[in-house]
Amino acid sequence: MTLYIGLMSGTSADGMDAALVDFAQGAPRLLDALCLPYDAAFRQQLRTLAVAREADINSIALLERRIAALSTEAVMQLLQRNSLSAADIRAIGSHGHTLRHRSQPDGFSWQLDDPSWVAEHTGICCIADFRRRDIAAGGQGAPLVPAFHQHCFGRNVQVLNIGGIANLSVLPTDSQPDSMMGFDTGPGNALLDEWCQQYFGCQRDDRGQLAANGNIINYLLEDWLSQPYFQLPPPKSTGRELFRLEHLGDLSHEDPQDVLSTLTELSVQSIALAIRQFGHSTGELLVCGGGVHNHYLMQRLQQVLPQLQVQSSAKRGIDPDWMEAMAFAWLAQRTLEGLSGNAPAVTGASGERILGGIYPA
């Protein structure tokens with residue numbers, strides 16, 4: 001069997017992504033994908049929990065079970081839409097929903113997930129706990145996608161995933177075929193979305209239209225860019241624990257639209273800084289994740305990185321909306337094949353086979 005399903009719930013807490021992927025020809029081929037959107041109340045629960053200082057363990061357990069139920073529903077919908085049965089799918093690669101992520105030293109990563117439930121209720125082997133395994137081997141636990149990016153795109157390209165947190169894969173070049181680097185650059189969409197929800201009554205800045213019509217507040221931008229994380233060398237990872245609105249100071253006296261423009265510029269400039277420090281100065285920058293739909297953000301990236309060709313990963317045949325879900329399908333395949341799903345130079349992990357835990361059907 002060559003069919004796998006990848007499941008991903010991002011830090012934006014929009015919904016459960018599910019991708020049906022065929023690896024018959026080696027290269028991944030996306031057959032179908034869907035997103036089960038979270039209702040407003042569930043979205044808010046996940047977002048509140050992500051930044052809460054304390055939480056009730058019973059509430060966490062119930063949220064985890066709901067994540068598992070939605071994962072199961074997404075799988076079953078994919079099967080029904082494609083006239084498939086559980087027997088046609090070799091495995092599910094499940095990421096879960098990140099509740100907490102702390103980088104090394106003393107790092108940990110906690111995803112709300114219940115792969116036992118998913119395996120039991122879909123009848124398909126489920127593979128999970130990828131981030132914790134990487135950390136157990138001395139890695140950062142994030143990002144886990146660079147090896148998949150190399151599998152898809154080979155050399156001489158960089159891949160930027162703009163989710164709630166942005167991460168960059170600097171793939172090998174012809175002159176340095178063994179080089180690879182991947183790390184979290186800092187905020188992606190998380191701060192923008194949170195600001196839109198608080199001040200504009202919308203889930204996100206559609207196509208970046210609000211930010212495009214505001215003004216950048218330079219003193220705030222300079223202050224925010226002084227965050228020490230931006231100067232740390234890779235491997236490194238981060239999360240909402242570090243990048244959240246309450247850490248940005250009192251913004252009540254500023255125009256909300258100008259703040260949104262400045263938050264967008266923070267994402268742009270922190271990404272650009274990371275590329276100038278550690279990436280390639282020329283070539284393609286393939287962008288995936290929700291940020292690819294923020295036209296203003298994409299436009300600003302091209303303006304501040306004029307030597308790079310900034311474009312959607314769709315230009316190279318991978319739908320930007322399903323890249324991460326596809327990656328976890330690939331990690332599931334690698335696990336069952338006993339092959340490495342990790343690049344030690346990316347995460348800092350010492351082991352060669354950083355893979356998931358297997359939960360049989």
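Parameters and conventions
- Residues numbered from 1 in each chain as written.
- Predicted model: local features only at pLDDT ≥ 70, side-chain atom pairs only at ≥ 80, totals over all residues.
- Heavy atoms only, no water.
- Buried < 20%, exposed > 50% of the residue type's maximum accessible area, 1.4 Å probe, protein only.
- Helix = DSSP H or I, 4+ residues; strand = E, 2+ residues; numbered from the N terminus.
- Arc of directions from axis to C-beta.
- Contact = heavy atoms within 4.5 Å.
- Pairing = 2+ DSSP bridges.
- Phe/Tyr/Trp six-rings, centres within 6.5 Å; stacked < 30°, edge-to-face > 60°.
- Lys NZ or Arg CZ within 6 Å of the ring centre and 35° of its normal.
- 1 Å grid on protein atoms, 1.4 Å probe; cavity = no way out; pocket = protein on both sides within 12 Å on 5 of 7 lines; lining within 4 Å.
- Points joined across faces, edges and corners; volume = space filled by probe spheres on them.
- Nonpolar A, V, L, I, M, F, W, Y, C, P; charged D, E, K, R; others polar.
- Core = buried A, V, L, I, M, F, W, Y, C linked by side-chain atoms within 4.5 Å.
- Axes fitted to C-alpha atoms, helices over the stretch in contact; angles between N-to-C directions.

Student: Before we go on, may I ask you to explain helix 3 (residues 115-122) in this structure?
Tutor: In an α-helix, one full turn covers 3.6 residues, which means residues spaced three or four apart are oriented alike. Listed in full, the buried residues belonging to helix 3 are Pro115, Val118, Ala119 and Thr122. The buried residues of helix 3 occupy one face: seen down the axis, they fall within an arc of 95°. Looking at the buried side of helix 3, the elements it contacts are helix 2 (57-81), strand 4 (91-102), strand 6 (126-128) and strand 12 (357-359). Of the residues one or two after helix 3, Gly123 is the one with positive phi, at around 75°.

Student: Explain the side chain of His280 here, please?
Tutor: In this fold, His280 is placed in the loop between helix 9 (256-278) and strand 10 (283-288). When sequence neighbours within four positions are dropped, the list of residues in contact with His280 reads Val157, Gln158, Val170, Leu171, Thr173, Ile275 and Leu308.

Student: Can you walk me through helix 10 (residues 295-304) in this structure?
Tutor: Among the residues of helix 10, those classed as buried are Tyr296, Leu297, Met298, Arg300, Leu301 and Val304. The elements touched by buried residues of helix 10 are strand 7 (157-162), helix 6 (190-199), helix 7 (209-212), helix 9, strand 10 and strand 11 (308-312).

Student: Where do I start with the pairing of strand 4 in this structure?
Tutor: Taken residue by residue, a regular strand's side chains alternate between the two faces of the sheet. Across the 12 residues of strand 4, 11 count as buried, placing the element largely inside the fold. Taken together, the 5 bridges between strand 1 (residues 3-9) and strand 4 define a ladder with parallel strand orientation. Paired with Gly6 across the two strands is Gly93, which belongs to strand 4. Where strand 4 and strand 6 come together, 2 bridges link them in parallel fashion. In the strand pairing of strand 6, Gly93 is matched with Ile127. The antiparallel pairing of strand 4 with strand 5 (residues 108-112) creates a hairpin that spans 5 residues between the two strands, and Asp106 there sits at a positive phi of about 55°.

Student: Can you walk me through the packing of aromatic side chains in this structure?
Tutor: The geometry of an aromatic ring pair is captured by two quantities: the separation of the ring centres and the angle between the planes. If you walk through the whole model with that rule in mind, you get 9 aromatic pairs. Measuring from centroid to centroid gives 5.7 Å for Phe148 and Trp330, while their planes differ by 50°, and the two rings are tilted. Remark: Trp330 occurs in helix 11 (residues 323-337) and Phe148 occurs in helix 5 (residues 146-153); sequence separation between them is 182 residues. Each member of the pair, Phe148 as well as Trp330, carries the same accessibility label: buried. Relative to Tyr199, the ring of Trp195 lies with its centre 4.0 Å away and its plane at 25°, an arrangement referred to as stacked. Taken together, the residues span about one helical turn, with Trp195 and Tyr199 both in helix 6 at a distance of 4 residues. Grouped by ring-pair contacts, the aromatic residues Tyr229, Phe230 and Phe243 constitute a single cluster. When the ring centre of Tyr229 is taken as reference, the NZ or CZ atom of Lys236 above it lies at 4.5 Å.

Student: What exactly am I supposed to notice about the layout of surface pockets here?
Tutor: In this approach, a probe sized like a water molecule rolls over the atoms, and the result shows the empty space that is left. Volume-wise, the second largest pocket comes out at about 280 Å³. The wall of the second largest pocket is formed by 18 residues, among which His101, Arg102, Ser103, Thr238 and Leu242 lie closest to the centre. In terms of residue count, strand 4 provides more of the lining of the second largest pocket than any other element does, 3 residues in total. Looking at the lining of the second largest pocket residue by residue, the classes come out as 6 nonpolar, 8 polar and 4 charged.

Student: Honestly, unusual backbone geometry in this entry has me stumped. Any pointers?
Tutor: A cis geometry characterises the amide bond from Ala142 onward to Pro143, with omega recorded as -15°. Of note, the bond from Pro234 into Pro235 is cis; its omega dihedral lies within 30 degrees of zero at 0°. Tracing the backbone shows Pro235 in the loop between helix 8 (218-224) and helix 9. If you check the backbone angles, Asp129 has positive phi at about 65° while not being a glycine. The topology assignment puts Asp129 in the loop between strand 6 and helix 4 (130-136). With a phi angle near 60°, Arg207 is a residue other than glycine that sits in the positive phi range. Topologically, Arg207 is positioned in the loop between helix 6 and helix 7.

Student: Please explain the nonpolar core as it appears in this structure.
Tutor: Side chains that are nonpolar tend, in soluble globular proteins, to be buried together. Counting residues in each nonpolar core, the largest one holds 42 residues, and the members touching the most others are Leu160, Leu263, Leu285, Val287, Leu301 and Leu305. For this core, the secondary structure elements donating two or more residues are strand 7, strand 8 (165-170), helix 6, helix 8, helix 9, strand 10, helix 10 and strand 11. With residues up to four places along the chain from it excluded, the contact list for Leu263 reads Leu191, Leu192, Trp195, Trp224, Leu245 and Leu248.

Student: Which parts of the structure should I look at to understand the sheet that holds strand 11?
Tutor: Within a sheet, adjacent strands bond to each other through the backbone by hydrogen bonds, running parallel or antiparallel. Taken in spatial order, the 5 strands of this open sheet run 9-8-7-10-11, and their pairing is mixed. Both edges of this open sheet fall to strand 9 (181-187) and strand 11, since each of them pairs with a single strand only. Strand after strand, the sheet turns through a mean of 20° between neighbouring axes, direction not considered. The sheet contact formed by strand 7 and strand 10 spans 5 bridges and is parallel. If you follow Leu160 over to strand 10, its bridge partner there is Val287.

Worth remembering: the numbers are spatial, not functional.
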